[in-house]
Structures are given as structure tokens and as C-alpha cells.
Amino acid sequence: MGEVQIISTCLVVATPNESISIPKNISKIEMTPWDLQFLLVDTIQKGLLFHKPKDENNNIPISSLIDHLKTSLSHTLYFFPPLTGRFSTVKNTDDDTISFFINCNNIGAEFIHANALKLSVSSILDSVHVPIFVHHLFPLNNTRNFECVTKPLFGVQITELVDGFFIGCTMSHCLGDGTCFWHFFNSWSEISRGYEVISKIPVLERYFSEKMEIPIHLPLKLDDEKLSEKIEVPQLVERIFHFSKESIARLKDKANSEMGVNSISSFQAYLAHLWRSVTRCCKLDDKEEVTINVIIGTRSRLNPPLQEGYFGNAAYFKTVKTTAGELLENGLGWAAMQINKMVAAQSFEEVMKFYKEWVEKPMLFTNASVLVGNKIGISSSPRYNIYGVDFGWGKPVAVRSGKANKNDGKITLFPGVEEGSVDIEVCTLPETMQELENDQEFMEVVTTKA
């Protein structure tokens, strides 16, 4: 971490802007199955890269920038009380289980000021592979969600570069999903630009199905030594591949044409292309099982749909399985159709089936389970408003993710700078990445820098 130096660390508490008042005071939030499923895995870590802000052609002093961002963060946190709280637990002696809830006690979010004055914006933008130092641009590394009983649920690290700065945020995944994460990031930028009230107030009341007993009881012991076991992660390489709007359209047309349909979406087409390409480059035996895990959003699938601004997790994962041989023999359209059929089957009834079955038999993701081989895991979304985040000095030039939940086969989706394009962060073993970079069928869809 020698390239990144920590200058200061503190806790930032939520404080209201003097001219506003939010009457509803929330002190405790119960947690849903969608929240609790992430207890044993890592946090969400995403960050934005900016050119150094200027005022009348002069650089703004970094001390003024830090003070401004810290103050605007504090005012923004006032609208998001879970982010400055901690998890609390209750032991249920009747059945020897434990229950979690969010204690909105305003202990504070972590705020780190760091510098990396040997690094530039181009050292991040122009690197073929994501440089390892990017992982050190985030706070709360190596934190799993259940540890936020004592650790902050949210953290920010502002790192000054020679010609820019990076804002890295870490949020407990049990607080919310990517929609919530970017809701906060955008709200913070609004307050930074001078808004007194954010444009979208978060809805903090959690969704629970009818006649459901809360809190949920979990057969979990926090003093279990297995929870603190370190998982050996192999050496991994990350690279961001850019798919243009035109390339995606060609994939979609090809997939639909091969199947004689028009129902395959752009998303399903480029996921199928990725799945087939990575599988091909892993050089697996034809009979080996391969899977792709896709996020299923529940906000619009509920009846009635969740309110706009719902601040909590509202998603689960579904898996599509086949064999390496079948996936590669049957073509792009067939692979995309398998994803299409699975997504189409996720009705309101299926959402509620997952929800109720989880309560009866809780299934917690673990770091060990996501490291099992031959899996492609999809995270994030190209629909998030990332390049609209403007703190008052211009929009970001890039988005990057931290080290949390990285494993062989992890795919992170971001919108590209150009409308309709997608940046796809692929994390694999070095040998798989080399094969992928030399794979003509995969790379002919990728737009590379001149």
C-alpha cells in the first residue's frame, strides 16, 4: 500500500442542514431475507475517478475540497440514518438463534483522507488491467457484513492523485443493494452542489410479507471460529472490457436470429457471449457443469411494486446450469435463451416463494461458496446513474470497484461513458484472462483504445 498514504481518519455523524427538518425519527430497522442473505460475505465497494477540480483555472486546495465533501456528507447522511448506525443483535434463548437489526444510533460513518501523489488519473484509465493499488482506494477493506456490529456500516475514502481524486465508498451489503448505493452517491453529489433537500427521499420502512413473524431467527453464532476463518483466494486479474452500443446491438440481433425470436434482450445477449467466452477460455471438459448466477430485482416484480426510493436490498440470485460442451456447441442464441427463460419465470409468485422458503430455512452466502469453480457471477448493473454523479466540479471519468467479493468468474457491470455502451469488469485467473484476451470471437465485440 506504499503508493497510498492515509492522512487522517475520523467518524462523520449525520447533521441536518439548519434550514430543513425531517420529522420522522427512525431508531431501529428490522432486516429482511434479502438483507440477511449477505451477512457472511463482503461489502459493496464502488468508487469514482475525477479530474482535479478547478476554480477560475486554478486548482482548488485539497483541504477546501476535503472540508466541503465532509460537510456535505454529514448533511446527506441525515437523510440516510442507517448509514451512520451499526448492526445490533438479539439472542433468542427459546430456540438458540440470533436476530439482527439496524440500530440507527448515529455513531458515524468512516471518513478517510488519503493521498497518492505518485499516481495520476491516466495510471488508472490507461492501464490494461486494473492496477492492484485501486483496491487501496477504498475504506473498510476485508470487512464482512456481520462485523458491522462493531465496524462502521458505511465508509468514504477521498484519495488525492497528482491530477485528480478518487472517491471510494464502502457500504454493508446488508443495508442495501446497488440501487441504494448509487441512490446515496447521487444524493451526496446533490447536497455538494448546493441542494438543501435531496431529490429522492429514501423509503426506510422494510418490506415484509403478510403474517410474517419478525425479527427473523437465524441459526448463527457470532463466536463461531468458522466465521473468522480466512479463505485463500488465488491470484486474480481484473480487466474492464468496453462493449459499444453497436456491438451490443449486433450480439442481440445474432442471438434472436439464431433462435428465430425477438424476445432476447441486449443484456441477455452480452451475458451469453461472456459466459460462452469465459467457459471456452477455461478449457473445461465437455461434461463439466458450468453456471451463471444472475441478479433478479424484486422492486417491480412485487404486487404492488416497492415504492420509489425503497432503501434496502430487493434482489436475489438465480442460477442457470448446463455443461461446458452443451454451452459451447449450441451457440450464442441458445445460451441467451436459457438466461431469457429463467428471467421470464421470475414472477411475483416466484419472488414470494423464495422469500418464504428463505425464512423457513435461511441460506447465507459465504465467501467459500462463491469461490467454487466454473461459476460466472454477475453483479452491479449498467442501468445505474453513475456518470450523473457531479459534486460541482464535473462528472467522473471512470468507475472502479474494490476488492470485496472478488473471485474467479466475478463479472461487474457498469454503464459506459457513451450512452448505450457497457463497461464489463471481468475478474479471472491470470491464465484465463490471457486466453480471453487472445480469443478472437470474444475480442471482436470489444472496443479497444486506439
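Bear in mind that the values here come from a model prediction, so they are computed numbers and not experimental data.

**Q** Account for the nonpolar core, naming residues and giving values.
**A** Judged by nonpolar contacts, the single largest core of 113 residues is most densely connected at Ile167, Phe185, Trp188 and Phe243. Excluding anything up to four places from it in sequence, phenylalanine 185 contacts Lys46, Leu48, Ile167, Cys169, Val389 and Phe391. Core analysis: the next-biggest nonpolar cluster, separate from the first, contains 16 residues, Leu49, Ala114, Ala116 and Val134 among them.

**Q** I'd like a description of helix α8 (residues 331–344), backed by residues and values.
**A** Across its 14 residues, α8 extends 20 Å between first and last C-alpha, which sits within 8% of the 20 Å expected from 1.5 Å per residue. By the criterion of burial, α8 is predominantly enclosed, with 12 of the 14 residues buried. Those residues of α8 that fall on the buried side of the exposure criterion are Gly331, Leu332, Gly333, Trp334, Ala335, Ala336, Met337, Gln338, Ile339, Asn340, Met342 and Val343. Of the surrounding elements, those touching the buried residues of α8 are α5 (245–259), α6 (266–282), β12 (289–297), β13 (315–323) and α7 (324–329).

**Q** Would you mind going over the environment of valine 237 in detail, with residue names and values included?
**A** With respect to the helices and strands, the residue valine 237 is situated in strand β11 (residues 237–243). Expressed as a C-alpha distance, the spacing of valine 237 and valine 426, which sit 189 residues apart in the sequence, is 8.1 Å. Setting aside chain neighbours within four positions, we find valine 237 in contact with His129, Val426, Cys427, Thr428, Pro430 and Met433.

**Q** Break down the environment of glutamine 434 for me, citing the residues and quoting the values.
**A** Mapping glutamine 434 onto the fold places it in helix α11 (residues 430–437). Taking C-alpha positions, glutamine 434 is 8.6 Å from cysteine 281, a pair spaced 153 residues apart along the chain.

**Q** Can you tell me about unusual backbone geometry, naming the residues and giving the values?
**A** Cis rather than trans, the peptide bond between isoleucine 214 and proline 215 has omega equal to 5°. Tracing the backbone shows proline 215 in the loop between α4 (178–192) and β11. A cis amide bond links asparagine 303 to the next residue, proline 304, at an omega of 0°. The residue proline 304 is located in the loop between β12 and β13 in this model. The phi dihedral of asparagine 106 is positive, around 55°, even though this residue is not glycine.

**Q** Go over the pairing of strand β6 (residues 86–92), please, and point to the residues and values.
**A** The pairing of β6 with strand β7 (residues 97–103) spans 7 bridges and is antiparallel. Following the sheet pairing, serine 88 is matched in β7 by phenylalanine 101. Hairpin geometry of β6 and β7 is characterised by an intervening segment of 4 residues between the two adjacent antiparallel strands and by a positive phi of about 55° at aspartate 96.

**Q** Outline the packing of aromatic side chains, supporting the account with residue identities and numerical values.
**A** In the structure shown here, the tally under the stated rule is 26 aromatic pairs. With centroids separated by 6.2 Å and ring planes inclined at 25°, the aromatic side chains of phenylalanine 185 and tryptophan 188 adopt a geometry described as stacked. Placement of both phenylalanine 185 and tryptophan 188 in helix α4 is noted, with a separation of 3 residues, approximately one turn of the helix. In this pair, the class of phenylalanine 185 matches that of tryptophan 188, namely buried. Ring centres of phenylalanine 317 and phenylalanine 365 lie 5.5 Å apart, and the angle between their planes is 90°; this geometry places the pair in the edge-to-face category. In this pair, phenylalanine 317 sits in strand β13 while phenylalanine 365 sits in the loop between α9 (348–360) and α10 (367–370), placing the two residues 48 residues apart along the sequence. Residue classification places phenylalanine 365 among the partly exposed positions, given a relative accessible area of 27%.

**Q** Could you give an account of the pairing of strand β3 (residues 44–51), naming the residues involved and the relevant values?
**A** Of all 8 residues in β3, 7 are buried, a share of seventy percent or more. One ladder, built from 8 bridges, connects β3 with strand β10 (residues 164–171); its direction is antiparallel. Note on β10: the bridge partner recorded for glycine 47 is glycine 168. Two strands pair when backbone bridges link them, and β3 and strand β15 (residues 398–401) are joined in this way by 4 bridges, in the antiparallel orientation. Paired with lysine 46 across the strands is serine 401, a residue of β15.

**Q** Describe the sheet that holds strand β18 (residues 446–447), listing the residues and the values that go with them.
**A** Spatial strand order, β13-β12-β14-β16-β17-β11-β18: 7 strands in an open sheet with mixed pairing. This sheet does not close on itself; its edge strands, each paired only once, are β13 and β18. Note: β12 against strand β14 (residues 375–380), 3 bridges, orientation parallel. The partner of isoleucine 292 across the bridge, within β14, is isoleucine 376.

**Q** Describe the packing of α6 against α8, naming the residues involved and giving the relevant values.
**A** Two numbers describe how α6 lies on α8: the axes approach to 8 Å, and their chain directions differ by 120°. Judged by the angle between their axes, α6 and α8 are oblique. For the element pair α6 and α8, the recorded crossing hand is right-handed. Facing α6, whose interface residues are Gln268, Ala269, Leu271, Ala272, His273, Trp275 and Arg276, α8 presents Gly331, Leu332, Ala335, Ala336, Ile339, Asn340 and Val343. Looking at side-chain class alone, the contact of α6 with α8 contains 9 nonpolar, 4 polar and 1 charged residues.

What counts, and at which threshold
Residues numbered from 1 in each chain as written. Predicted model: local features only at pLDDT ≥ 70, side-chain atom pairs only at ≥ 80, totals over all residues. Heavy atoms only, no water. Core = buried A, V, L, I, M, F, W, Y, C linked by side-chain atoms within 4.5 Å. Buried < 20%, exposed > 50% of the residue type's maximum accessible area, 1.4 Å probe, protein only. Contact = heavy atoms within 4.5 Å. Helix = DSSP H or I, 4+ residues; strand = E, 2+ residues; numbered from the N terminus. Expected span 1.5 Å × (residues − 1). Pairing = 2+ DSSP bridges. Phe/Tyr/Trp six-rings, centres within 6.5 Å; stacked < 30°, edge-to-face > 60°. Axes fitted to C-alpha atoms, helices over the stretch in contact; angles between N-to-C directions. Parallel < 35°, antiparallel > 145°, perpendicular 65-115°, else oblique. Left-handed = near helix turned anticlockwise from the far one by under 90°. Nonpolar A, V, L, I, M, F, W, Y, C, P; charged D, E, K, R; others polar.

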